[in-house]
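# Examining the three-dimensional arrangement
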Amino acid sequence: MEIIQASNEGRQTSMGLVYEQFIWAFLVGCTFISVLSHPDEAAPKYTFLKEATSAPQILTYDYIVIGGGTCGCPLAATLSQGAGVLVLERGGSPYTNPERINIKNFGNSLVDISPSSFSQPFISRDGVLNSRARVLGGGSVVNAGFYSRASSTYIRDSGWNETLAEDSYIWVEKKVVFEPLLMQWQSAVRDGLLEVGVLPNNGFTFDHLYGTKVGGTIFDKEGNRYTAADLLEYADPKRISVYLHATVQKILFKYNTEKRRQQAYGVIFKDALGVMHRAYLSTQGKSEIILSAGAIGSPQLLMLSGIGPANHLQAHGIKVVLDQPFVGQGMADNPLNVLVVPSPVPVEVSLVQTVGITKFGSFIEAASGLSLGHSWSERLQGIFEFVSNQSGEPSTFPPEAKESVADTIRFLTNPTLKGGVIGEKVTGPRSTGHLELITTNPNDNPSVTFNYFKDPEDLKKCVEGMRIVIDVINSKAFSKFRYHNMPVQALIDLMLHLPVNLRPKHANAAFSLEQYCIDTVLTIYHYHGGCQSGKVVDHNYKVIGVEALRVIDGSTFHGSPGTNPQATVMMLGRYMGEKIIKEDSSIGGSEGIN
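The structure displayed is predicted, hence computed values, not measured ones. (Residues numbered from 1 in each chain as written. Predicted model: local features only at pLDDT ≥ 70, side-chain atom pairs only at ≥ 80, totals over all residues. Heavy atoms only, no water.)

### A word on the UniProt feature "binding site: FAD" (unreviewed entry) in the protein
- Within this structure's numbering, the places UniProt gives as "binding site: FAD" (unreviewed entry) are Glu89, Arg90, Val135, Val248, Gly554, Pro565 and Gln566.
- Tracing the chain through its elements places Val135 in the loop between strand 6 (129-133) and strand 7 (146-147).
- Residue class for Val135 comes out buried when judged on its relative accessible area of 0%. (UniProt positions renumbered as here; feature names shortened; annotations may be inferred. Helix = DSSP H or I, 4+ residues; strand = E, 2+ residues; numbered from the N terminus. Buried < 20%, exposed > 50% of the residue type's maximum accessible area, 1.4 Å probe, protein only.)

### Re the environment of Lys505
- With respect to the helices, strands and loops of the structure, Lys505 is situated in the loop between helix 11 (488-495) and helix 12 (513-519).
- Along the backbone, Lys505 and Thr520 are 15 residues apart, and their C-alpha atoms lie at a distance of 8.0 Å.
- If we skip the residues at most four places from it in the chain, Lys505 touches Leu496, Leu498, Val500 and Asp519.
- Polar side-chain contacts of Lys505 include one of 2.9 Å to the side chain of Asn501.
- A polar atom in the side chain of Lys505 sits 2.8 Å from the backbone oxygen of Arg503. (Contact = heavy atoms within 4.5 Å. Polar contact = N/O pair within 3.5 Å; in protein donor to acceptor, adjacent residues only side chain to side chain.)

### Let's talk about the UniProt feature "domain: Glucose-methanol-choline oxidoreductase N-terminal" (unreviewed entry) in the protein
- According to UniProt, the "domain: Glucose-methanol-choline oxidoreductase N-terminal" (unreviewed entry) feature falls on residues 294-308.
- Between the end C-alpha atoms of residues 294-308 there is a gap of 16 Å, over a span that is 73% helix and 13% strand.

### Describing the sheet that holds strand 4 (residues 85-88)
- Spatial ordering of the open sheet is given by 1-11-4-3-15-26, a layout of 6 strands whose pairing is parallel. Every other strand in the sheet has two partners, leaving strand 1 (49-51) and strand 26 (549-551) as the edge strands with one partner each. In this sheet, adjacent strand axes meet at a mean angle of 20 degrees when their direction is disregarded.
- Of the strands in this sheet, strand 3 (63-66), strand 15 (288-291) and strand 26 are in contact with helix 13 (residues 566-583), which crosses strand 26 at around 155 degrees. (Pairing = 2+ DSSP bridges. Axes fitted to C-alpha atoms, helices over the stretch in contact; angles between N-to-C directions.)

### Let's talk about the packing of aromatic side chains
- One pass over the structure, following the stated rule, counts 18 aromatic pairs.
- Here the aromatic rings of Trp160 and Tyr575 are separated by 6.3 Å at their centres, their planes lie at 50 degrees, and the arrangement is tilted. In this pair, Trp160 sits in the loop between helix 3 (152-157) and helix 4 (162-176) while Tyr575 sits in helix 13, placing the two residues 415 residues apart along the sequence.
- For Tyr575, a relative accessible area of 3% gives the class buried. (Phe/Tyr/Trp six-rings, centres within 6.5 Å; stacked < 30°, edge-to-face > 60°.)

### Re the confidence of the model for the protein
- A residue-level look at the protein finds 80% of positions with pLDDT of 70 or above and a mean pLDDT of 86.
- For the stretch residues 372-377, pLDDT sits under 50, and the model shows 13 contacts to residues farther than four places along the chain or on other chains.
- For residues 390-398, every residue scores under 50 in pLDDT, and the model assigns this stretch 19 contacts once sequence neighbours within four places are set aside. (pLDDT = per-residue confidence, 0-100.)

### Focus: the state of the cysteines
- Across all of its chains, the model carries 1 disulfide by this definition.
- The side chain of Cys462 participates in a disulfide bridge whose partner is Cys517; the two sulfur atoms lie 2.1 Å from each other. The sign of the -95 degrees torsion about the S-S bond sets the Cys462-Cys517 disulfide as left-handed. Of this pair, Cys462 sits in helix 10 (residues 456-473) while Cys517 sits in helix 12, and the two are 55 residues apart along the sequence. With respect to burial, Cys462 and Cys517 carry one shared label: buried.
- Unpaired in this structure, Cys71 has its nearest cysteine sulfur neighbour in Cys73, at a distance of 9.6 Å.
- Here Cys71 falls in the buried class, since its relative accessible area comes to 2%. (Disulfide = S-S within 2.5 Å.)

### A look at the nonpolar core
- Of all hydrophobic cores here, the largest spans 143 residues; its most connected members are Val267, Phe269, Leu339, Ile422 and Leu549.
- Ranked by residue count, the leading element in this core is helix 10, at 9 residues.
- Excluding residues that lie within four positions of it along the chain, Leu549 makes contacts with Ile251, Phe253, Ala264, Ile289, Leu302, Ile307, Tyr541, Lys542 and Val543.
- Counting residues in each nonpolar core, the second largest holds 5 residues, with Phe146, Val352, Ile357 and Phe363 among its members. (Core = buried A, V, L, I, M, F, W, Y, C linked by side-chain atoms within 4.5 Å.)

### With respect to the pairing of strand 12 (residues 247-256)
- In terms of residue burial, strand 12 counts as a mostly covered element, since 7 of its 10 residues are buried.
- Pairing analysis gives 9 bridges linking strand 12 to strand 13 (residues 261-270), with the strands arranged antiparallel. The residue bridging Thr247 from the neighbouring strand is Lys270, located in strand 13.
- Linkage of strand 12 to strand 13, two consecutive antiparallel strands, is achieved through a turn of 4 residues, within which Arg260 is found at a positive phi near 60 degrees.

### Quick word on the pairing of strand 6
- Within strand 6, 4 of the 5 residues are buried, which leaves it mostly tucked inside the rest of the structure.
- Sheet topology places strand 5 (residues 119-123) next to strand 6; 5 bridges connect them, and they run antiparallel. Bridge pairing links Ser119 to Ala133 in strand 6.

### A look at the packing of helix 4 against helix 13
- Contact geometry of helix 4 with helix 13 gives a least axis separation of 8 Å together with a crossing angle of 120 degrees. Considering only the axes of helix 4 and helix 13, their crossing is right-handed. Taken together, the residues of helix 13 that come into contact with helix 4 (itself represented by Leu164, Ala165, Ser168, Tyr169, Trp171, Val172 and Val176) are Ala567, Thr568, Met570, Met571, Arg574, Tyr575, Glu578 and Lys579.
- The residue inventory of the contact of helix 4 with helix 13, partitioned by class, reads 10 nonpolar, 2 polar and 3 charged. (Left-handed = near helix turned anticlockwise from the far one by under 90°. Nonpolar A, V, L, I, M, F, W, Y, C, P; charged D, E, K, R; others polar.)

### Some remarks on the side chain of Ser475
- For Ser475, the position within the fold is in the loop between helix 10 and helix 11.
- If we ignore the near neighbours within four places in the chain, the residues touching Ser475 are Gly192, Glu195 and Val196.

### Some details on helix 13
- Here helix 13 is 18 residues long and its end C-alpha atoms lie 26 Å apart, about the 26 Å a rise of 1.5 Å per residue gives.
- Counted residue by residue, helix 13 has 14 buried out of 18 residues, so it is predominantly covered. (Expected span 1.5 Å × (residues − 1).)

### Quick notes on the side chain of Thr227
- In this structure, Thr227 sits in the loop between strand 10 (216-217) and strand 11 (240-244).
- Take Thr227: its relative accessible area is 1%, and that puts it in the buried class.
- Among the polar contacts made by the side chain of Thr227, one reaches the main-chain amide nitrogen of Ala229 at a distance of 3.0 Å.
- Beyond its immediate stretch of four places on either side in the chain, Thr227 contacts Gly137, Ser140, Val141 and Val176.

### Looking at the environment of Asn443
- One can find Asn443 in the loop between strand 22 (433-436) and strand 23 (447-449).
- Residues Asn443 and Gln249, spaced 194 residues apart in sequence, show a C-alpha to C-alpha distance of 8.9 Å.
- Beyond its immediate sequence surroundings of up to four residues, Asn443 is in contact with Gln120 and Thr247.

### A word on unusual backbone geometry
- The amide bond that connects Leu199 to the next residue, Pro200, takes the cis arrangement and shows omega of 0 degrees.
- Mapped onto the secondary structure, Pro200 falls in the loop between helix 5 (184-195) and strand 8 (201-204).
- Of note, the amide linkage connecting Gly428 to Pro429 takes the cis form, showing an omega dihedral of -10 degrees.
- Along the chain, Pro429 turns up in the loop between strand 21 (416-426) and strand 22.
- Although it is not a glycine, Phe453 adopts a positive phi angle of roughly 65 degrees.
- Following the sequence through the fold, Phe453 ends up in the loop between strand 23 and helix 10.

Here it is in structure tokens:
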């Protein structure tokens, strides 16, 4: 491939400016996934959904679920069929912003970094801009909506009962999953994948199968988003209470003389006004605290409660309940690398619908279209300033890069941009890092290192995946959406001139896919690890070394399930809720004591 020749410099400059406007806006769109919500009329169904400011000072329940996210909602709904359940969610309700319910408004919600937003941005120590959910429904409220099950091998390796897992997937799918309407861009990507040999064509399926397929979506045909919060419709309203803006400060422990170990018995949480409340486990029948705060929140809260590496906890003045060196270890995020493709023709607004599942360990996904509001440039400036200044990370942007972004923002006057993004995600990954506390404030982000591409096998998969992406872009099936005077080398070169992350850029990245992967890596928000099964929790997700405490969420995973994890995270909530109820027939079934 050759870079555009000097004779085309004038055209390249003009095209480059338009392209830079497109790529920066679209990548921010990829980085700050939309805050969409289910129709507001669903909210009145939930008489048990309340602000934490209305909570009594002391509450008692059979089960206390910390985190009403993608896993916590189906878990709590299931447990409420046989016990009194309290859910403490640090974020707000997804039902309070009806103007954001349609996928066509996707772009307008991408750049909200206010304290009340549904996502909390952070920058990993790798220099990659990330975000964690803080809303009832968790990541299912702020993700791209793709729904695809884990492979049968993953299910067996996880030790899950295959029949119960199948039933749990179906339980989720009946409420929140749809078959997408495939339009021109997604169809072209699908046909391009087939043309370049990502075979066979598996059509529409939830199953994880090698080849090219169309997966499920949590957007209905009108573009309204359904979330894990909608799974609370399964709950028994008399046995469940869900408090919003309830930030758990720590889990409480006491010594169990019979078991000769510490036992969880309650939590302290703070409401939006800063008032502290206590919630205790019932002393009648089975009772447990279940941590379901996600791959970032669960290991963070374990540490804040005194379970983690002793030296690290003591350095922060935290009393050690259990010296557990594996808490915060094994942190991983599947690396994402993309090419953005401006289109000469209009494209539909679509998130991930088509996926190519390769045998070498890379998943090819695509999205298209972006509608921008009039305040986009101001929001974009806010994002840039945030990226430059957050969390004490030194900026690696050279002055000319900052000037480029400033020019992009000034010239970004067209409210609708045409084109899309095609990228690859590395399976697993094999590379892992760690999480550590920065402060003892649970509202603050911890320090997270993912070590993208530390393992050379991950880098090899990225290179092979990017080759597939390039082949799809060059395919006959995709030719309608290409500017033919803009070769792939130009797309690569222009992307390297934009500050997509805080990582340094190397001159050889324009010609080395290995360096390109390293320099332009993005997150796909598929965090996992930190409380891994077999190290921090046992096969029943009980925290090893203490009583009455489990962790049930993606923090227990050793690898990301399937192409995208949300289907399996929701399944796991239902699955473990069923297991817990069936394993203990002595559940008292109280309605909660307020």
